[in-house]
Amino acid sequence: MGRFVPVVAAQSISRNPQADLVTARAQLAAGYPRHRVTNWLMAQSQTWDSVAVDQLRWQIEVARKLGSPLQPVLQQLIEQEKLARATEMAVQRALQVPRLTNKLVAFTPWLGLLFAQSLGLAPLRFLLFNPLGWVVLAICVLLQVGANFFAKRTLASYAKPVYQDPGAALHAVALALESGIGFRRACRAVEVQSAQIVAAVFEPQAASGLGLSHLLIAQAELSRQAQTQQLNLRLEQLGVKLLVPLAAFLLPQFMLLTVVPIAASSILF
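Residues numbered from 1 in each chain as written. Predicted model: local features only at pLDDT ≥ 70, side-chain atom pairs only at ≥ 80, totals over all residues. Heavy atoms only, no water.

Colleague: Any chance you could break down the nonpolar core for me, citing the residues and the numbers?
Modeller: Counting 21 residues, the largest nonpolar core has Trp58, Val173, Val190, Val198 and Leu216 as the members making the most contacts within it. Every element with two or more residues in this core is listed here: helix H4 (53–66), helix H8 (168–178), helix H9 (183–194) and helix H10 (212–241). Among the elements that line this core, the one with the most residues is H8, at 8 residues. Leaving out residues up to four positions away in the same chain, Trp58 has contacts with Ala168, Ala169, Ala172, Val190, Gln193 and Ser194. One finds Ala24, Leu28, Ala63 and Leu175 within the second-largest nonpolar core, a separate group that totals 18 residues. (Core = buried A, V, L, I, M, F, W, Y, C linked by side-chain atoms within 4.5 Å. Buried < 20%, exposed > 50% of the residue type's maximum accessible area, 1.4 Å probe, protein only. Helix = DSSP H or I, 4+ residues; strand = E, 2+ residues; numbered from the N terminus. Contact = heavy atoms within 4.5 Å.)

Colleague: An account of the packing of aromatic side chains is requested, with residue identities and associated values reported.
Modeller: Following the criterion strictly, the structure yields 2 aromatic pairs and no others. Judged by centre distance (5.3 Å) and plane angle (80°), the ring pair of Phe149 and Phe150 falls under edge-to-face. On the accessibility criterion, Phe150 (32% relative accessible area) is partly exposed. For the ring pair Phe150 and Phe249, a centre distance of 5.4 Å and an interplane angle of 25° mean the geometry is stacked. On the criterion of sequence distance, the pair formed by Phe150 in helix H7 (residues 131–159) and Phe249 in helix H11 (residues 243–268) is long-range, its members being 99 residues apart. (Phe/Tyr/Trp six-rings, centres within 6.5 Å; stacked < 30°, edge-to-face > 60°.)

Colleague: Could you give an account of H9, naming the residues involved and the relevant values?
Modeller: Because each turn of an α-helix spans 3.6 residues, side chains separated by three or four positions in sequence point in the same direction. Its 12 residues give H9 an end-to-end C-alpha distance of 16 Å, which sits within 8% of 16 Å, the value for a rise of 1.5 Å per residue. Residues of H9 that are buried: Phe183, Ala186, Cys187, Ala189, Val190 and Ser194. Taken end-on, H9 shows its buried residues confined to a sector of 165°, consistent with a single buried face. Along H9, the residues that are exposed and aim more than 90 degrees away from the buried face are Arg188 and Val192. Where the residues of H9 are buried, they touch H4, H8 and H10. Immediately downstream of H9, the backbone of Ala195 shows phi near 60°, a positive value. (Expected span 1.5 Å × (residues − 1). Arc of directions from axis to C-beta.)

Put into structure tokens, the structure is as follows:
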């Protein structure tokens, strides 16, 4: 058997968990000792840049404590990390249009002011050379700050959604069952590491002739789909939520920057 050689470069350069997980899977296939591969993975996980790094770590720890085969666990973790990365990218793509729209709309009242000035309506004369205009201008600045604050707070709540796999605990128990480990023992190990209750949700008798591991995996997939659907619904509601600062701040600001100065200029000057 060849000597186990850890990939040192990955720790100092790569912070992508997938690279280390794939490397560990290849090392196991090449015959490297299981405990050394596991220890190396846990050490490498200290440098992982993942939205679900804690979840990846406890699943590796469960496999180590139970002594179950590591290959299927690594494959599950690779798929789990791919899903997390794909979800993160989908959220960032979905946020691009609302962010750009918010920036464009935020400058619309000021562009309207410049357009009115270019038409010779002289709103700037009232805003810059009249005390009442100074008050109106100060209110408009406050409205702009308020619109930016509420829009950024709304977008920030979507910038880092929860990427934790809701089916990870169920899937971990299923993999342990498929390797011949008892249901109670697998549940205890998973519950200790993940702080999630599994045994109270599923009993061995609940399988009703079906493989309990298949039932657990099916339930895990359903919970993942439910989380994805909920995230998609929240993203669809984002456009509606951004209308609140538009109606509450930018529309009054537009009226104060254009209609009021134009009307005041026609009367005072």
